Amino acid sequence: MKKIVSGQQKATLVKVLRYIRRYWLYLGISVFLAAVTVALTLYLPILTGRAVDLILGAGRVDFDGIFRILRDMSVIILFTAAAQWIMNACNNKITYNVIRDIRREAFEKIERLPLKYIDAHSYGEVVSRVIADVDQFADGLLMGFTQFFTGIVTIFGTLVFMLTISVRITVAVVVITPVSLFVAAFIARRTFDMFRLQSETRGEQTAFIEEMIGNQKVVQAFSHEKEAQEQFDEINGRLQKYSLRAIFFSSITNPATRFVNSLVYATVGVVGAFTAIAGGITVGQLSSLLSYANQYTKPFNEISGVITELQNALACAGRVLELIEEDAEVPDAPDAKVLGEADGKVELEHVFFSYTGEQKLIEDFNLSVRPGQRVAIVGPTGCGKTTLINLLMRFYDADRGIIRVSGIPMRDITRKSLRSNYGMVLQETWLRSGTIRDNITMGKPDATDEQVIAAAKASHAHSFIRRLPEGYDTVITEDGGSLSQGQKQLLCITRVMLCLPPMLILDEATSSIDTRTEIRIQKAFAKMMDGRTSFIVAHRLSTIREADIILVMKDGHIIEQGNHGELLAKGGFYAELYNSQFVQA
Amino acid sequence: MKKLLVFLKDYKKESVLGPLFKLLEASFELIVPLVMAAIIDTGVASEDRPYIMRMCLALVLLAVIGLICSITAQYFAAKAAVGFATGLRHALFSHIGSLSFSEMDTVGTSTLITRMTSDVNQVQNGVNLVLRLFLRSPFIVFGAMIMAFTIDVKAALIFVVTIPLLSVVVFGIMFVSIPLYKKVQNALDTVLGITRENLTGSRVIRAFNKEEDEIRHFRESNELLTRVQLYVGKISALMNPLTYVIINGAIVALVWTGAVRVDNGLITQGEVVALVNYMSQILVELVKLANLIININKSIACGNRIERIFELEPSVREMDGRSPGGISGTETGTVSGSRETARPAAVEFSHVGLIYAGAGEESLTDIDFSAVCGETVGIIGGTGSGKSSVVNLIPRFYDVTSGSVKIDGRDVKEYSLKELRQKTGVVPQKAVLFKGTIRENMRWGNPDASDEEIWEALDTAQAREFVETKQGGLDYQVEQGGKNLSGGQRQRLTIARALVKKPRILILDDSASALDFATDAKLRTAIRAMAHPAGAEGRMAADGAGAGADAAGAQRMTVFIVSQRASSIQHADRIIVLDDGRIAGMGTHGELLESCEVYQEIYDSQFKKGEQ
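Attention here is on the structure that accompanies the text. (Residues numbered from 1 in each chain as written. Chains lettered and ligands numbered in written order. Predicted model: local features only at pLDDT ≥ 70, side-chain atom pairs only at ≥ 80, totals over all residues.)

**Focus on the sheet that holds strand E9 (residues 505-509) of chain B**
All names here are of chain B. Pairing in this open sheet of 6 strands is mixed, and the strands run E6-E9-E10-E3-E11-E12 from one edge to the other. The sheet is open, and its two borders are formed by strand E6 (424-427) and strand E12 (582-587), each paired with just one other strand. This sheet shows a mean twist of 15 degrees between the axes of neighbouring strands, independent of strand direction. In the packing of helix H17 (residues 487-500) onto the sheet, contacts are made with E6 and E9, and the angle to E6 comes to roughly 175 degrees. (Pairing = 2+ DSSP bridges. Helix = DSSP H or I, 4+ residues; strand = E, 2+ residues; numbered from the N terminus. Axes fitted to C-alpha atoms, helices over the stretch in contact; angles between N-to-C directions. Contact = placed C-beta atoms within 7 Å.)

Dropping the structure here:
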């Protein structure tokens, strides 16, 4: 195994074995049955040979003997089949349980990862680790169990059985077999370069496709289609050439090794026949040897494929294990307090924060919010308004400085109790697949129907929910399916309305909501904010004007702070922004 | 999938010869047990060593012929499969290139890229496998049976029973388990869905402290998946033991029947061995066939996905029966002559409405204006007001839903796309450059552009300075996507690229956003100078209407500047103010400041501080 598995893969292998260890009983049974199956499978040709030996010619057939042998064979066949089936079942059990465990751990890690990780990785990539990589790993693991192990056992088993029949023939076979491996290795070495050329060209082509199709607008604007096609065809032509070589030369491996097998077969034939004439073996034994000669070489041909598959599986396992081993969120301090009902006071003192470390975003930021005050966060799109939400909800930790809620430093409060004191409605409405009720009761799973309906009425969502085919039991898909953007937002508001925590974080929708729904959302927001400390990412003039504190953000920095009147008088960025963006609205 | 097979048409010879040689090889393989039987019956029985040697040489010869046939077959199969894929990729690339923006928006570029790369590869593998193996396996199965018949009819009857039985088991298990695999897929999709959901909703889930619930939820689905997998696994685990029982049962029956037949003197001992060998060959081939069918299914699925891309038709199509460029300048002259302005209308929108595919509402409503040759038109408005949509209609990136867009008096639909896009130079919002030298990038607009012309364009685009500092100047290698240039540099190069084309209509779609005000101003002045080449005005006045106007028009450039900055457009000859897909005002800066409320607000917000 040393040469096949690199150091890193070895580490992965050790970790994978740790998962498999939990199912050691199944593994034991599987290994034992594999040995049994192989031994019995190999024993069968010997019996067949013996039976053939009893068929000497016309009138010279020992029917009693044959009957006894065939009876034994039948029993062995049934027994082997049963062993095979149980072995397969065990392998399935190990494989599927192992990947279940890995998936579970991976998922649990996702729930505990810092948001920094989640924000920095594309969802597709993480999903593919949990789903596709694990699947690929399962395939490899199953194949490893079924083919790799039995393959090796078969090779050794065959050698042993052949030795019991004839040492000379066995030696002949053993001498020729390496030729097959040598030929395969020779071809593999030769084709390696061709494969490299093929994959390089393929990479070049993919890059070209991405460039041209990804920027088709420019291509069409410049009528560059013909040139692009010519360039593509040039690469395509090269790919054709290299692919043909790679595929053809690699596909020689199979005929070549089969040719070597035929040579082994012929050798067994001639040596066996001579030995038979000399009386060394019987004709039946010769037929057993011939069938061994066939069986013996098969695992050799398969094993190179299996090894590639295994290496691939290990690489996949490595990727998902990397996710599992990713650092989780810093756990709550051991003496962290559970924050009861917060009074709504929020203070930020000398807060510094940046996502990357290089690009400073929030520097020495101070803010004091009294209970019940409204804070509007204002700025052009992409200015980093969510950064503040990230800090308040403790999705991210500030680099320096203290954030206090109800006078207690945030780091001394359990995340759970901190977050349950906030009600959050983001502009990117997120609904989970499930019923409308499931979605509403997210923050309060034990809410009664009356409470749910009351909340829905308060947020003006009741009337549209009632009109849905199944009312509150209507099942919606992940992205909300047929619900309009406004309706989705109303549902998210209802969700918060149901638990009504003392502090709110609201994100006003910018567009794609019809006027009537918009008015409802405004009303619902107003009702929620009544008497609660609220942070609002604001787009509407009225919201901003009425705010007690306006935070003006630009390029991730908080550049101005004050109320509407103060900021307008100051004539800074807010004044400019106010005039350009909000006057029209 | 069927339609894709046309790409094999150039490889008819290979597609036939490949399987044919494979069958030839298989035939030789079928002879081997017979030779071995001869060795046992004749050679060993009569102790004829030279005979054995001859027979063994025959075996080696068979192996050599088999090797040659097989390699030939592999070659033809590889050639046909690779040729097929190459043709397919060529056609697919060209087809995708013909799709309009509308289809690109709907399908998504990442899907198209997957179709072109991994899906085509999968289909190539499928074709290769089919050519190599699809005929071979059934051939060996039935060939072995026929060979058995040549040995002994009665013993061969066992084959007649075994083969259908085996097929029933192998394909039966496949047919039972394939739908079950769909169930596995569904369970897996649920697990995938939850994983995705928890990534996209990580903030909400944490805000509501739902992590534990989600983990429980995931566990349930994961458990369900495992159960389904185990169930399917149990069924497919039957395949090996059952086939093993059948084949070996058949061997037991063969030995018994053989014994009876030999006892009666009908066949020999060696022939019994041959019969047993044939039976073993069948098992191997049937298992191969089952695997093959699974692979072919996968390839067909990919093939069907590719076919669906071919079924997409470009919504923007050239008119039939119109020869591109068939209308000469004189006609342009007549049309423009009929207009009240002395100068011809370069671009004319009449009551244009636009609804994007899949959208319910109009993105543009009743856009009606015309721009004369040499005019600079500024388009301003808030995000989502439809600025880009308006200019995208000029090179016909999208087709209008109602009304019409005319260039030089002709509907854009009457032009060939090539001709139309020759006339227009577009500088898109996203500054895209391609891998290659700066020179190559510049020549996109005009493949024959001289270095001098390129430098001229770079001058106008305010790009000369930084290009000169780059190593190699025009030979500087731009990386894919222009990653090794700054945003502002990229923008200036994309502007220069459009200028190299010397278009009649230049469209700057918010393409100076990364430039500072000073560079932006210099750029505008330079473009203005280019749009109004010295003397063009005078010549036009002298020549008057008709052909003269056209000649002057050829030098004059109509410029559209889309921007959110009032400063970028305030010196334009005409400014169009868009609001929610409608024209809210049109006129010069001065006129609009007096009459158009929306414009006033925009202007005030951006200038109040700076100019007062």
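Here the narrative resumes, following the displayed structure.
**Thoughts on helix H5 (residues 136-151) of chain B**
Residues lying three or four places apart along an α-helix face the same way, a consequence of the helix completing one turn every 3.6 residues. Residues and elements named next belong to chain B. Look at H5: 22 Å from first C-alpha to last across 16 residues, which is about the 22 Å you get at 1.5 Å a residue. Buried residues of H5: Arg 136, Ser 137, Ile 140, Val 141, Gly 143, Ala 144, Met 147, Ala 148 and Ile 151, and no others. Among the structural elements, helix H1 (12-44), helix H4 (109-134), helix H6 (153-200) and helix H10 (269-311) are those in contact with the buried residues of H5. (Expected span 1.5 Å × (residues − 1). Buried ≥ 20, exposed ≤ 12 C-beta atoms within 10 Å, placed from the backbone.)

**Examining the environment of Asn 88 of chain A**
Within the secondary structure, Asn 88 of chain A is located in helix H3 (residues 63-112). On the basis of neighbour counts, which here come to 24 C-beta atoms within 10 Å, the residue Asn 88 of chain A falls in the buried class. When the C-alpha atoms of Asn 88 of chain A and Ser 30 of chain A are compared, they prove to be 7.7 Å apart, with 58 residues separating the residues in sequence. Those residues within four positions of Asn 88 of chain A in sequence are excluded, and the remaining contacts are Ala 237 and Asn 240 of chain B.

**Considerations on the pairing of E9 of chain B**
Among the 5 residues that make up E9 of chain B, 5 are buried, leaving the element largely enclosed by the rest of the structure. Both faces of E9 of chain B are covered, namely the face carrying Ile 505, Ile 507 and Asp 509 of chain B and the face carrying Leu 506 and Leu 508 of chain B.

**Focus on the interface of chain B and chain A**
Residue-level contacts link 114 residues of chain B with 110 residues of chain A. The element that contributes the greatest number of residues to the side of chain B that touches chain A is helix H2 (residues 49-98) of chain B, accounting for 24 residues.

**A few points about the packing of helix H8 (residues 225-277) of chain A against H2 of chain B**
Contact geometry of H8 of chain A with H2 of chain B gives a least axis separation of 7 Å together with a crossing angle of 165 degrees. Between H8 of chain A and H2 of chain B, the crossing angle belongs to the class labelled roughly antiparallel. Judged by the sense of rotation from one axis to the other, the crossing of H8 of chain A with H2 of chain B is right-handed. The class makeup of the residues in the contact of H8 of chain A with H2 of chain B is 28 nonpolar, 15 polar and 5 charged. (Parallel < 35°, antiparallel > 145°, perpendicular 65-115°, else oblique. Left-handed = near helix turned anticlockwise from the far one by under 90°. Nonpolar A, V, L, I, M, F, W, Y, C, P; charged D, E, K, R; others polar.)

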